[in-house]
Amino acid sequence: MGAKYVVRGNVAVVTLDNPPVNGLGYDTRREFSAGIERAEADPAIAAIVVTGAGKAFSGGADIKEFGSPKAIAEPNLLTLIRQLENCNKPVVAAVHSVCMGGGLELALGAHYRVAAPGANVALPEVKIGLIPGAGGTQRLPRALGVEPALNMIVSGEPVKSELLATLPGQRLFDQVITGDLLDGACTFAAAKATEHDGGAKPLPPGEGGNAKPLPRVRDLKATHPNADAYFQFARNMVKGMSKNFPAPAKCVDAVQASLTRPFDEGMLYEREVFMALMLTPECKALRHAFFAERAASKIPDVPEDTPQRKVEKLAVIGAGTMGGGITMNFLNAGIPVTMLETKAEALERGVATIRKNYEAQVKKGKLKQDKYEQRMSLLKTTLSYDDIKDADMVIEAVFEEMGVKEGVFKKLDEVMKPGAILASNTSTLDVDKIASFTKRPQDVIGTHFFSPANVMKLLEVVRGKATAKDVLATVMALGKKIRKTAVVSGVCDGFIGNRMIEQYSRQAGFLLEEGCTPQQVDRAIEKWGMAMGPFRMGDLAGNDIGWAIRKRRYQEKPNMRYSKTADLLCELGRYGQKTGAGWYDYQPGKRDAIASPLVVEMIEKYRAELGIRPRKISDDEIVHRLVYALVNEGAKIVEEGIASKASDIDMVYLTGYGFPLHRGGPMCYADTVGLFNVVQAMKKFAANPHDDASFWQPAPLLARLAAEGKAFS
Ligand code: NAD
């Protein structure tokens with residue numbers, strides 16, 4: 001796979017052919033370049049059309065090659081672009097479907113560009129912490145105009161070709177072709193061949209030639225009537241919006257260089273910035289997250305061509321907080337849902353909440369009225385299992401009690417058609433046990449949504465020991481369909497995310513005992529980048545939930561030490577925002593966390609009972625104790641095979657727990673710090689008499705990797 005070469009009359013068509021999106025990997029570049037050379041050498045060819053096969057013009061550089069010698073092996077992308085630009089026959093890029101990153105930079109090297117309407121055109125490098133690196137920052141402002149180009153470069157968002165073609169003064173697209181793109185492009189190219197003197201090497205008129213020189217984007221001038229003020233404004237905007245990421249501000253600098261520097265100097269500047277960004281931890285984190293997301297859908301023993309079951313009709317049992325949110329995901333994706341409850345009032349409440357959520361979206365202009373009605377028309381409710389027995393899949397979201405789940409799954413086993421997928425949204429119960437209530441454990445799986453289920457990206461897909469591979473493959477694909485990041489977890493207490501958060505919460509408790517206040521802990525970790533510190537999070541989720549879990553869990557593990565401060569808080573009835581008081585005080589109707597003297601007093605009293613003299617704990621220590629608690633448990637989870645790879649854990653934390661994207665997830669962060677350094681820090685924490693030495697026993701995988709100088713990734 002690389003590139004194809006065909007001749008149509010006097011036009012050569014060189015087509016990138018590297019499915020799925022014609023990534024510009026080494027082999028593709030080599031064959032493409034050979035195609036251009038061949039066309040240029042053939043006297044029967046007067047013009048060249050370059051395009052992409054299948055579903056894209058080109059999705060851009062092959063980022064799997066980043067950092068490898070292949071990425072720069074000749075012909076590299078810059079060479080290819082120069083080859084088009086310097087070609088002595090008119091080159092027309094025929095853009096369609098997807099034209100992104102290096103794909104767009106390549107098209108900008110052509111003398112002309114024609115586009116099919118509806119093509120997504122973008123320079124998305126900023127999303128992986130970079131700026132475009134093959135002339136995008138220098139050519140796009142020249143071709144499109146400074147402001148629209150900067151908007152595209154700094155946001156990375158795609159813009160439709162037909163929209164770009166209407167921008168005043170733009171030179172990006174010479175024509176939008178509504179009929180057959182290739183026919184149109186070849187006709188256009190043949191006409192240009194005539195215009196440029198039949199393809200002969202054009203000598204400028206002053207040098208005795210009569211050919212019109214071939215236009216090159218690099219020869220255009222990027223201008224702005226108010227450049228200084230505009231770039232100052234852009235810089236301020238970007239600073240406010242992307243505080244943890246260096247790339248967006250660099251996009252502004254590079255685009256400004258397209259105005260202030262000659263083309264070749266601008267190109268050098270772009271390269272310099274690109275290379276410097278490539279080495280930043282933020283860029284590494286973003287690239288890690290990009291790959292981790294793709295890797296999450298790959299399950300080692302479930303091949304990608306595993307057949308899937310059809311899921312066209314869904315049932316949800318329980319119309320409470322989670323049942324309603326889960327239902328919305330499927331309605332949004334156009335899949336009909338029947339919600340089942342034990343009482344009509346519960347159904348009415350559930351439907352009313354769904355309506356309220358949609359209406360809020362309509363009010364904000366995020367959802368059109370007709371779409372809202374269309375979604376609601378897909379929703380049915382019932383009190384009878386008879387009405388759901390034909391569903392292809394059912395998701396249970398009833399109370400978190402094994403007895404209640406048992407009743408539901410026995411009933412489902414009795415009524416559901418053979419082959420229906422039976423899923424549970426349990427957050428703490430044993431999915432294998434739930435499966436054992438049926439005679440078809442192979443059809444049972446966990447689908448652990450996060451609250452609010454219609455908003456949160458994460459879906460932990462819990463694979464039971466009997467779960468069939470086709471069930472797993474189907475649910476993973478369904479996850480994608482409802483726009484979730486689906487990550488597979490094995491069965492264990494808390495699955496991936498909550499099992500790790502337990503250790504994080506235990507550390508947070510120890511920090512209080514040793515001298516911190518809740519706000520000091522929250523402030524330190526939020527400053528580091530977590531969306532919410534452990535105590536604000538507890539107040540939001542409800543401290544009583546953790547209390548109930550601890551009562552069960554620590555009865556089973558009486559030797560597990562944890563701080564009783566959270567229990568004492570619950571004994572005061574301070575469950576969090578819902579009771580107006582938790583670790584913090586709350587004013588009615590408001591969510592601002594106000595420091596509570598009563599809680600500080602409660603902690604101090606307990607500390608005194610333990611005989612601990614408080615000490616000043618640095619923000620660094622707070623952050624490292626909390627994050628390494630996650631890392632150590634994460635290592636155990638990988639070693640036990642609960643997660644099939646460390647990057648799955650990062651996805652769980654980035655999409656479900658507000659872990660800062662610029663840190664790449666807990667495991668990626670540990671790799672950045674160096675596992676040896678992580679283990680050294682853990683040894684220091686273990687020597688603290690008030691911490692729990694066994695807590696800081698490095699997981700065997702972590703200890704081994706650290707000793708070998710290796711990383712999780
Ligand atoms: P909820 O109390 O809001 O809703 C449960 C609903 O189930 C109620 O409407 C109840 O009437 C209904 N119900 C109870 N028994 C039933 C039965 N036998 N048949 C049909 N309906 C029945 O609870 P929730 O917060 O939506 O939690 C539901 C499940 O989701 C639990 O397993 C919970 O652990 C899990 N979960 C909750 C969250 C969360 O943040 N709330 C997050 C992830 C997972």
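Note on numbering: residues in each chain are counted from 1, in written sequence order. Only residues with pLDDT of at least 70 are given local features in this predicted model, and only at 80 or more are side-chain atom pairs given and counted; all residues enter the totals for whole chains, interfaces and linings. Working from all heavy atoms in the structure, the side-chain values ignore hydrogens and water.

Asks: Which residues make up the overall build of the protein, and what values do they have?
Replies: By the criteria applied, helices consist of DSSP H or I runs no shorter than four residues and strands consist of E runs no shorter than two, each listed in order from the N terminus. Scanning the protein for helices and strands turns up 29 helices and 19 strands. The principal-axis extents of the C-alpha atoms in the protein amount to approximately 95 × 65 × 50 Å. Considering the protein as a whole, with its 713 residues, one finds that 54% of them fall into the buried category. Look at the contacts in the protein between residues 6 or more apart in sequence, and 72% of them connect residues 24 or more apart. In the form shown here, the protein has an accessible surface area of approximately 31100 Å², with 54% of it arising from carbon and sulfur atoms. The sign given to each residue is positive for Lys and Arg and negative for Asp and Glu; His and the chain ends receive no count. To locate a charge, take atom NZ for lysine, CZ for arginine, CG for aspartate or CD for glutamate. Of the side-chain charges in the protein, 91 are positive and 83 negative, and the distance between the mean point of each set is 1 Å. Each residue's exposure class comes from its accessible area (1.4 Å probe, protein chains only) as a fraction of the maximum for that residue type: buried when under 20%, exposed when over 50%, partly exposed otherwise. By definition in these notes, contact holds between two residues if any of their heavy atoms fall within 4.5 Å. The accessible surface values rely on the Shrake-Rupley method and a 1.4 Å probe; as for residues, cover is taken only from the protein chains in view.

Asks: Provide a residue-level description of the site of the ligand, including the pertinent values.
Replies: Lining the immediate environment of the ligand, one finds 20 residues, of which Met322, Glu341, Glu400, Lys405 and Ser427 sit closest. Measuring from an oxygen atom of the ligand, one finds a backbone N or O atom of Val398 at 3.3 Å. In the environment of the ligand, an oxygen atom lies 2.5 Å from a nitrogen or oxygen atom belonging to the side chain of Glu400. Alone, the ligand offers 840 Å² of accessible surface; in the complex the protein occludes 77% of this. The greatest single-element share of the shell around the ligand, amounting to three residues, is contributed by helix H16 (residues 402-415). One heavy atom within 4 Å of a molecule or strand is enough for the residue carrying it to be called near that molecule or strand. Counting of polar contacts relies on pairs of N or O atoms within 3.5 Å, with two restrictions inside protein: one atom must be capable of donating a hydrogen and the other of accepting it, and residues adjacent in sequence are counted only when both atoms are side-chain atoms.

Asks: So what's going on with the pattern of salt bridges? Residues and values would help.
Replies: When a carboxyl oxygen of Asp or Glu is within 4 Å of a side-chain nitrogen of Lys or Arg, the pair counts as a salt bridge. What the rule picks out here adds up to 42 salt bridges. Measuring nitrogen to oxygen at the nearest pair gives 4.0 Å for the salt bridge that ties Lys4 to Asp17. One end of the pair, Lys4, is in strand E1 (residues 2-8); the other, Asp17, is in strand E2 (residues 11-17), and 13 residues separate them in sequence. Lys636 is the salt-bridge partner of Glu633, the closest N and O atoms lying 3.8 Å from each other. Taken together, the residues Glu633 and Lys636, both in helix H25 (residues 619-639) and three residues apart, mark about one turn of the helix. A cluster of three or more residues bridged by salt bridges with shared partners is formed by Glu85, Arg139, Arg218 and Asp264.

Asks: Outline the side chain of Glu85, supporting the account with residue identities and numerical values.
Replies: With respect to the helices, strands and loops of the structure, Glu85 is situated in helix H3 (residues 77-86). With residues up to four places along the chain from it excluded, the contact list for Glu85 reads Gly109, His111, Arg139, Arg216, Val217 and Arg218.

Asks: Provide a residue-level description of the environment of Thr342, including the pertinent values.
Replies: Tracing the backbone shows Thr342 in the loop between strand E11 (337-340) and helix H14 (344-363). C-alpha separation for the pair Thr342 and Tyr657, spaced 315 residues apart in sequence, amounts to 32 Å.

Asks: Talk me through the packing of helix H6 (residues 146-155) against helix H10 (residues 247-260); I want residue IDs and the actual numbers.
Replies: Close contact between H6 and H10 brings their axes to 9 Å; oriented N to C, the two are set at 150 degrees. It follows that H6 is roughly antiparallel to H10 by the angle criterion. H6 and H10 meet at a crossing whose hand is right-handed. Residues Val146, Leu150, Ile153 and Val154 of H6 form the contact with H10, whose participating residues are Pro248, Cys251, Val252, Val255 and Leu259. Whenever a helix is involved, its axis is fitted only over the stretch in contact; in every case the axis is a line through C-alpha atoms, and angles between N-to-C directions fall within 0 to 180 degrees. For classification purposes, angles smaller than 35 degrees are called roughly parallel, those larger than 145 roughly antiparallel, those between 65 and 115 roughly perpendicular, and all remaining angles oblique. Take the far helix as your reference; a near helix turned counterclockwise from it by less than a right angle gives a left-handed crossing, and one turned clockwise gives a right-handed crossing.

Asks: So, unusual backbone geometry: which residues are in play, and what are the values?
Replies: Geometrically, the link from Glu74 to Pro75 is a cis peptide bond, its omega value of 0 degrees lying close to zero. Among the structural elements, Pro75 can be located in the loop between helix H2 (69-72) and H3. Pro452 follows Ser451 through a cis peptide bond whose omega is -5 degrees. Within the fold, Pro452 resides in the loop between strand E15 (444-449) and strand E16 (458-462). Residue Asn22 is not a glycine yet carries a positive backbone phi of 55 degrees. As for its position among the elements, Asn22 is in the loop between E2 and helix H1 (26-41). In this structure, Ser97 takes a positive phi of about 55 degrees despite not being glycine. Topologically, Ser97 is positioned in the loop between strand E4 (91-95) and strand E5 (98-100).

Asks: Summarise empty space enclosed by the protein; cite the residues concerned and give the values.
Replies: Every definition here rests on a 1 Å grid over the protein atoms only: cavities are sets of points where a 1.4 Å probe fits but cannot get out, pockets are open sets enclosed by protein on both sides within 12 Å along at least five of seven lines, and lining residues have some atom within 4 Å of a point. Grid points are joined across faces, edges and corners, and a volume is the space filled by probe spheres set on the points. Summed over all chains, the structure comprises one cavity of 30 Å³ or more. Estimated volume of the largest cavity: approximately 40 Å³. In terms of lining residues, the largest cavity is bounded by Phe330, Met393, Ile395, Thr447, Phe449, Leu459, Val475, Leu478, Gly479 and Ile482. Of all the elements in the fold, those that place two or more residues in the lining of the largest cavity are strand E13 (393-396), E15 and helix H18 (469-481).

Asks: Hey, could you go over helix H13 (residues 321-332) for me, with residue numbers and the actual values?
Replies: Expected helix span is given by 1.5 Å per residue-to-residue step, counting one fewer step than there are residues. Taking 1.5 Å as the rise per residue, H13 with 12 residues should run 16 Å; its terminal C-alpha atoms sit 17 Å apart, in good agreement. Within H13, 10 of the 12 residues are buried, which leaves the element mostly enclosed by the surrounding structure. Every buried residue belonging to H13 is among Met322, Gly323, Gly324, Gly325, Ile326, Thr327, Met328, Asn329, Phe330 and Leu331, and all of these are buried. At the C-terminal side of H13, Gly334 shows a positive phi close to 80 degrees.

Asks: Lay out the sheet that holds E2 with the relevant residues and their values.
Replies: In short, DSSP must find at least two bridges between two strands for them to pair. Pairing within the open sheet is mixed, and its six strands lie in the order E1-E2-E3-E4-E6-E9. Both edges of this open sheet fall to E1 and strand E9 (175-176), since each of them pairs with a single strand only. Bridge analysis of E2 against strand E3 (residues 47-52) gives six bridges, and the strand direction is parallel. Opposite Val11, over in E3, you have Ala47 as the bridge partner.

Asks: I'd like a rundown of the packing of aromatic side chains, residues and numbers included.
Replies: Between 30 and 60 degrees the pair is tilted, below 30 it is stacked and above 60 it is edge-to-face, where a pair is any two Phe, Tyr or Trp rings, Trp via its six-membered ring, whose centres lie within 6.5 Å. Counted by the stated rule, this structure contains 13 aromatic pairs. Their ring planes at 65 degrees and their centres at 5.2 Å tell us that Tyr230 and Phe231 sit as a pair that is edge-to-face. Among the residues examined, Phe231 registers a relative accessible area of 1% and is labelled buried. Both rings, one in Tyr653 and one in Tyr657, keep their centres 4.4 Å apart while their planes meet at 15 degrees; by these two values the pair is stacked.

Asks: Which residues make up the environment of Met267, and what values do they have?
Replies: Relative to the assigned elements, Met267 resides in helix H11 (residues 263-278). On the accessibility criterion, Met267 (15% relative accessible area) is buried. The contact partners of Met267, leaving out residues within four places of it in the chain, are Leu78, Ala134, Gly135, Gln138 and Arg139.

Asks: A description of a nonpolar patch on the surface should follow, citing residues and the corresponding values.
Replies: Patch building starts from residues that exceed 30% relative accessible area and form no salt bridge, then joins like charges within 9 Å and nonpolar side chains (Val, Leu, Ile, Met, Phe, Trp, Tyr) within 5 Å. On the surface, Phe233, Met237 and Met241 cluster together to form a nonpolar patch covering roughly 360 Å² of accessible area. You can see Met241 is positioned in helix H9 (residues 227-241).

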